[in-house]
Amino acid sequence: MTLYSIADKVIEAPIVTSFTRIGYDVRRLIGSWRDLNTYQMTGRVVAITGPTSGLGLAASEILAALGATVVLVARNERKASELRSRLIAETGNEHVSVVVCDMADMEAVRAAAATIDAGYDRLDVLIHNAGSLFNDRRTAPDGVELTTAVQVVGPFLMTGLLLDKLATTPGARVLTMSSGGMYTAGLTVTKLQMDPEAYRGAEQYARAKRAQVTLNEMWAERTAGSGIRFHALHPGWADTPGIAESLPRFQKMVGPLLRSPAQGADTLVWLAADDGVPLESNGRFWLDRRPRPIHKLGSTRRTDTPQRRSELWTWASSTAGWQLAPSVGKDA
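These numbers come from a predicted model, not from an experiment.

S.K.: Sorry, what's going on with the packing of helix α7 (residues 146–161) against helix α15 (residues 306–320) here?
M.R.: To characterise two packed helices, one gives the angle between the axes of the helices and the distance between these axes. Orientation of α7 relative to α15, taken along the N-to-C sense of each, is 85 degrees, at an axis distance of 9 Å. Here α7 lies roughly perpendicular to α15, going by the angle between them. Residue-level contacts link T148, V152, V153, F156 and L157 of α7 to W313, W315, A316, S317, T319 and A320 of α15. Here the contact of α7 with α15 is composed, by residue class, of eight nonpolar, three polar and no charged.

S.K.: Sorry if this is basic, but what is going on with unusual backbone geometry here?
M.R.: What you tend to see is this: most non-glycine residues have negative phi, and most peptide bonds are trans. In the Ramachandran plot, S32 falls in the positive-phi region, its phi being about 50 degrees despite a non-glycine side chain. In this structure, S32 sits in the loop between α3 (21–30) and β1 (45–49). Residue classification places S32 among the exposed residues on the basis of a relative accessible area of 58%. With phi around 50 degrees, D288 is a residue other than glycine that occupies positive phi space. Summarising the element assignment, D288 is placed in the loop between β7 (285–287) and β8 (290–292).

S.K.: What am I meant to see in the pattern of salt bridges here?
M.R.: Pairing is possible between side chains of opposite charge, provided their charged atoms come close. Tallying each qualifying case throughout the model produces 20 salt bridges. A salt bridge links K296 to E12; its shortest N-O distance comes to 2.9 Å. Of this pair, K296 sits in the loop between β8 and α14 (298–301) while E12 sits in helix α1 (residues 3–12), and the two are 284 residues apart along the sequence. Look at K296 and you get partly exposed, because its relative accessible area is 32%. We note a salt bridge from E203 to R207, for which the minimum N-O separation is 2.9 Å. One end of the pair is E203 and the other is R207, both in helix α9 (residues 201–222) and four residues apart, which spans about a single turn.

S.K.: Teacher, can you tell me more about the environment of P170 here?
M.R.: With respect to the secondary-structure elements, P170 resides in the loop between α8 (163–167) and β5 (173–177). Note on P170: relative accessible area 66%, which makes it exposed. With 49 residues separating them along the chain, P170 and W219 place their C-alpha atoms 17 Å apart.

S.K.: Just to check I follow, could you spell out the nonpolar core for this structure?
M.R.: Among soluble globular proteins, nonpolar side chains are generally buried collectively. In this structure, M158, L215 and W219 are the most contacted members of the largest nonpolar core, which totals 54 residues. Within the residue set of this core, elements represented by two or more residues are β1, β2 (69–74), α6 (106–119), α7, α8, α9 and α15. Residues in contact with L215, not counting those within four places in the same chain, are V152, F156, L312, W313 and A316.

Definitions and cut-offs
- Residues numbered from 1 in each chain as written.
- Predicted model: local features only at pLDDT ≥ 70, side-chain atom pairs only at ≥ 80, totals over all residues.
- Heavy atoms only, no water.
- Axes fitted to C-alpha atoms, helices over the stretch in contact; angles between N-to-C directions.
- Helix = DSSP H or I, 4+ residues; strand = E, 2+ residues; numbered from the N terminus.
- Parallel < 35°, antiparallel > 145°, perpendicular 65-115°, else oblique.
- Contact = heavy atoms within 4.5 Å.
- Nonpolar A, V, L, I, M, F, W, Y, C, P; charged D, E, K, R; others polar.
- Buried < 20%, exposed > 50% of the residue type's maximum accessible area, 1.4 Å probe, protein only.
- Salt bridge = Lys/Arg side-chain N within 4 Å of Asp/Glu carboxyl O.
- Core = buried A, V, L, I, M, F, W, Y, C linked by side-chain atoms within 4.5 Å.

Written out as structure tokens, the structure is:
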């Protein structure tokens, strides 16, 4: 076992050292990480949801600086357009565009996917980053609980609609920004959407993030042979506007130990840019450039059954109104 592996295990055990900037700083130093600024992504097309704030904003800034063709998939057209103009001015990279899409609205997701599919002859990276923690229960246009719609159903549908484009792009990958909060939630389908009378924003968020990570593994399994790589990750505890708005007490308590948005987005950009990530890592869950287990508690592990996974896929497919073709990945 290497020094880095030993140090990583020591850091990983206590959540505070692993998820805060302590874990990031130590792992980056001991692991001699390649600086993101040394990657070159010219000619690669990257579509990212939720790009105007927090982790998505930090990732978009880095991706544009690396020369990628960046498609900003955002709900707020004004903010996205302002960001586009700023990225072009600051990086000199004119290959930045905006696609307006509310990820909670499945018709909008279909329209956005069609725009991306028609506008580009390749799609190297699809990043699912959009999502917020709502302290009050809200619903999407089709009646699905909003957190679940934005972070589970919308990404599932967009991935499915862009699957052919991804499959024809060598080295394509789908990246899902999850959260370490999912470690507290078991896998559930019947209770994925919390009832109004029992609604707790943080718990709803954790359930949706658990579903994301599980579906990431299932996408990898069900499209094996297609050439597409699926990765989920969590950023650790990062100081973002979403944390400030939804969890102000947590932000105040952890304070200076929180990671910066750029630190939280590091592994996301690394997975998008680095071609050395082992192919056998398909479907894994990452933190700080290393794969991590998806369970830390026996109680959540016991909920993760084959039957429940199958139910989750069926529910997501039915709710999104999209079915995976039986032949996908079979002949590759």
